[in-house]
Structures are given as structure tokens and as C-alpha cells.
Amino acid sequence: MTPRPDVPDSGSPPAPGSAVSASAVPASAVVIGTGLIGTSVALALRERGVSVWLSDRDPASARLAADIGAGTVLPEPAPGQAEPLADLAVLAVPPAAVAPALAAAQARGLARWYTDVASVKVLPLHRAGELGCDLASFVPGHPLSGRERSGPAAARADLFLGRPWVICPGPQTDPAAVAAVEGLVRCCRGEPVLASADEHDRWVALVSHAPHVVAAAMAAQLAHAPGGALSLAGQGVRDVTRVAAGETGLWAQILAANAAPVATVLAAVATDLAAAAEALAEMGAAAASRPGPDDPSMKLLAGLLDQGSAGVRQIPGKRGAPARDNAVVQVVIRDQPGELARLFQVAGQAGVNIEDIGIEHSPGLPVGVAELTVRPDAAARLTAALASAGWPVRR
């Protein structure tokens, strides 16, 4: 592979948040670590006809990944036997294991180029340097994608479809290595973005790591909640706590490896929460005199809620496009096979694209409410089409 003008040369840091363009698909790869991410990478590569070898410290995990079509188990090295030289080795291991895995893979000469998928970059890169790894052939990477489930059985070839995949070359990185990793990302149908390792760690602390801790803290409040309260749980608390179901051991490693940036974000969140708690406590103490809109406690609380709304509006929409206002059409849907298919069929016949969907289940009843997010100019058309088809609909 040859370097292109959009790939930074070995002496130039990447522009923050800059995108990189398409590159060639690798002919062969070694995936070290056959958990959710590693096996998903392997499945995506196999779909493109790439030869994939699989390796894991747990042989059963590697065999399971091979059995579901992710590749061939990498044989143990034998004296005098040449190793398979792959175009690229993907280190799908936790942050603390990246540097040792890179050193071992390079010692075996497994590939021309190397990358990882760990969610922290600075610490593994520093430790790789301490171990004497060849950093010219190594490009730190991180796909921003995952699931609450783990292991090879949860893997999906489309796990990275349309998702950002950060590539973090350093001053010493060979541009051809960057091109090779970009080819991997494109092969997995991700969206490659260039950033420095330091930028990456600060960014993911804000948008991934600190949110996980906040979700865990809220979910911890539910651990001993009375059954009556939990029976009222709706989509709001499910949305807030969803990611807290992640694997504890892995997340503890991730947070420890990115401790300082995460601590900074959490301290800011804690300050806001403490201020809101104090304001609400003051309101509670003065319950007899309902606070008006000019009450300092009410103004503080409203200000925080306004800031939260403004922050949500900053989150990009589909495929990284700017967020846009959408309309929500609510439809009562029965809890039985085929209902969602019928719903989508009516929308398709009306020429309406459903941007997103959520379902609010009715406790104890065989029905729920499907909330269909559509473009504002399509809401009336969809509402009319659903009503004509007999769906109880509200907008």
C-alpha cells in the first residue's frame, strides 16, 4: 500500500477530527482476541474475502469464533516453522494487554502492520514504547461501537456499520501503516477519523467513559429498590441505565487506564448534581410556599435542564450529520409476531423513512406504544396512512 496526500507524514500530527478516505482491503489479517469486538472484526473481514487467522488466550473462545465463520485458528509456533505473515494484525485485547500483545506479535513477525481496538490510547502506547515495540508499524485505533453482550457468540459482521473508528498515528508512524488500518476500517464499514492519542482519550472520557460511570451510579440506586417502584420503570430509566450492564472487569480496566480525563468529567457532573440536589432540598424544606420562576433554586434547576437540552442538540445525527429536529408519531402496537413488519410496511407504502423507533411497553398489558421518529414534513403523511390502515395513532 502506498501513502496518499490525506495521510499525515511521519512528522505531522493529524488534524483534530479530520476524516480519511477509502483504501484497499487487506488480503490477510490476524485477529488476536476473539471477544465481541475481535470476532466482529474477523466476521466483517471474512465477508470481504479476507483470509483471517484467530488467536485467543482461551482456546475455546478462538475455536468458537472459528466455528461461526470468523476465520481459522492460528497454530502455535513450531520450531523451524514459518509464521503466516499477514498484512495486518488486529489486537482486540483490553487496554492493559495491548502493549504485551503487540510485543509478542511483533516478536513472532505475524504481520507487516499492527493496530488495536482498545478504548484507551495514551497508556498502551506509552507502555508499548517502554517494551521496545516497533511503533512505526503500529497504529492505535478504536471503533466506537459495541453491545451490552460480550464474547464471540455476540459478534456481528455489521457491528461497525457507520460508526466512527478513531485512528491515532503518531510522529513516528509509517504512513503505509495508516493506510493499511484505514483499509481495515473501510472493510468493516466504519467511518475512520484521525486524532491524536491524547485527543482521543479526552474525547472518549466525555462521550463514553464518564457516561458509563454515571449510568452505573444511577443503576446502583435500583439494586435494592422496592418492587413497586421497579414495576413503574419506563423507557427513561432504561435509556439512562442501559450501558451499565457492560462487563465489570473490562470497564474497570478501561476507566483505570483513562483515569485522569474521566475524573475531570465526573467532577464537573458531580458539581452540577450537587448544586441540583441542594436546590431541590431547599425547595423541599419550603414546600409550603411553592417556589416561583424567579426563585433562585428554581432558576438554578431550570438552567441546568436548559443546558442539558442544549447538550443533547449538539449530538450528531445519523452518519455524523448535524442533529436536526424530527417529529415523533406514536402508534399503539400489539405484542404479537408480525406487528412491527406491518407497521414498517405501511410507512414504506406511504413513502416515509423511519429515522428511529422506540417502544414503550405497557406493564401487564399485551400492547405498547411505538414511537416513530420521522422528518417533520412526513409526520402528517405517516399519521394519515397509519390511521387509514386501522392503527390507533397519536401525534
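Residues numbered from 1 in each chain as written. Predicted model: local features only at pLDDT ≥ 70, side-chain atom pairs only at ≥ 80, totals over all residues. Heavy atoms only, no water.

S.K.: Could you give an account of helix α5 (residues 175–187), with specific residues and numbers?
M.R.: Taking 1.5 Å of rise per residue, the 13 residues of α5 would be expected to cover 18 Å, and the 18 Å separating its terminal C-alpha atoms lies within 8% of that figure. Counting buried residues along α5, twelve of its 13 residues qualify, which places the element largely inside the surrounding structure. The complete set of buried residues in α5 reads Pro175, Ala176, Ala177, Val178, Ala179, Ala180, Val181, Glu182, Gly183, Leu184, Val185 and Cys187. The elements touched by buried residues of α5 are α1 (36–47), β5 (86–91), β6 (111–116), β7 (138–139), β9 (164–167) and β10 (191–194). A positive phi of about 65° marks Arg189, the residue just after α5. (Helix = DSSP H or I, 4+ residues; strand = E, 2+ residues; numbered from the N terminus. Expected span 1.5 Å × (residues − 1). Buried < 20%, exposed > 50% of the residue type's maximum accessible area, 1.4 Å probe, protein only. Contact = heavy atoms within 4.5 Å.)

S.K.: Talk me through the sheet that holds strand β12 (residues 356–361); I want residue IDs and the actual numbers.
M.R.: Taken in spatial order, the four strands line up as β12-β13-β11-β14 in an open sheet, and their pairing is antiparallel. The open sheet terminates on both sides in strands that have one partner only, identified here as β12 and β14 (393–394). Pairing analysis gives two bridges linking strand β11 (residues 327–334) to β14, with the strands arranged antiparallel. Bridge pairing in β14 places Gln330 opposite Arg394. Along the sheet, helix α12 (residues 339–349) contacts β11, β12 and β13 (367–374); its crossing angle with β11, the most-contacted strand, is approximately 140°. Taken strand by strand, helix α13 (residues 376–388) contacts β11, β13 and β14, and its axis lies near 20° from that of β11. (Pairing = 2+ DSSP bridges. Axes fitted to C-alpha atoms, helices over the stretch in contact; angles between N-to-C directions.)

S.K.: Would you mind going over the packing of helix α3 (residues 95–108) against helix α4 (residues 122–130) in detail, with residue names and values included?
M.R.: One can describe the packing of α3 onto α4 by two numbers: an axis separation of 8 Å at closest approach and a directional angle of 30°. The orientation of α3 with respect to α4, classified from their angle, is roughly parallel. By crossing handedness, the relation of α3 to α4 is classed as right-handed. Within the contact between the two elements, α3 uses Pro95, Ala96, Val98, Ala99 and Leu102 and α4 uses Pro124, Arg127 and Ala128. When its residues are assigned to classes, the contact of α3 with α4 shows seven nonpolar, no polar and one charged. (Parallel < 35°, antiparallel > 145°, perpendicular 65-115°, else oblique. Left-handed = near helix turned anticlockwise from the far one by under 90°. Nonpolar A, V, L, I, M, F, W, Y, C, P; charged D, E, K, R; others polar.)

S.K.: Explain the environment of Arg375 to me, using residue names and the numbers behind them.
M.R.: As for its placement among the helices and strands, Arg375 is situated in the loop between β13 and α13. Sequence separation of Arg375 and Ala327 is 48 residues, and the distance between their C-alpha atoms is 5.9 Å.

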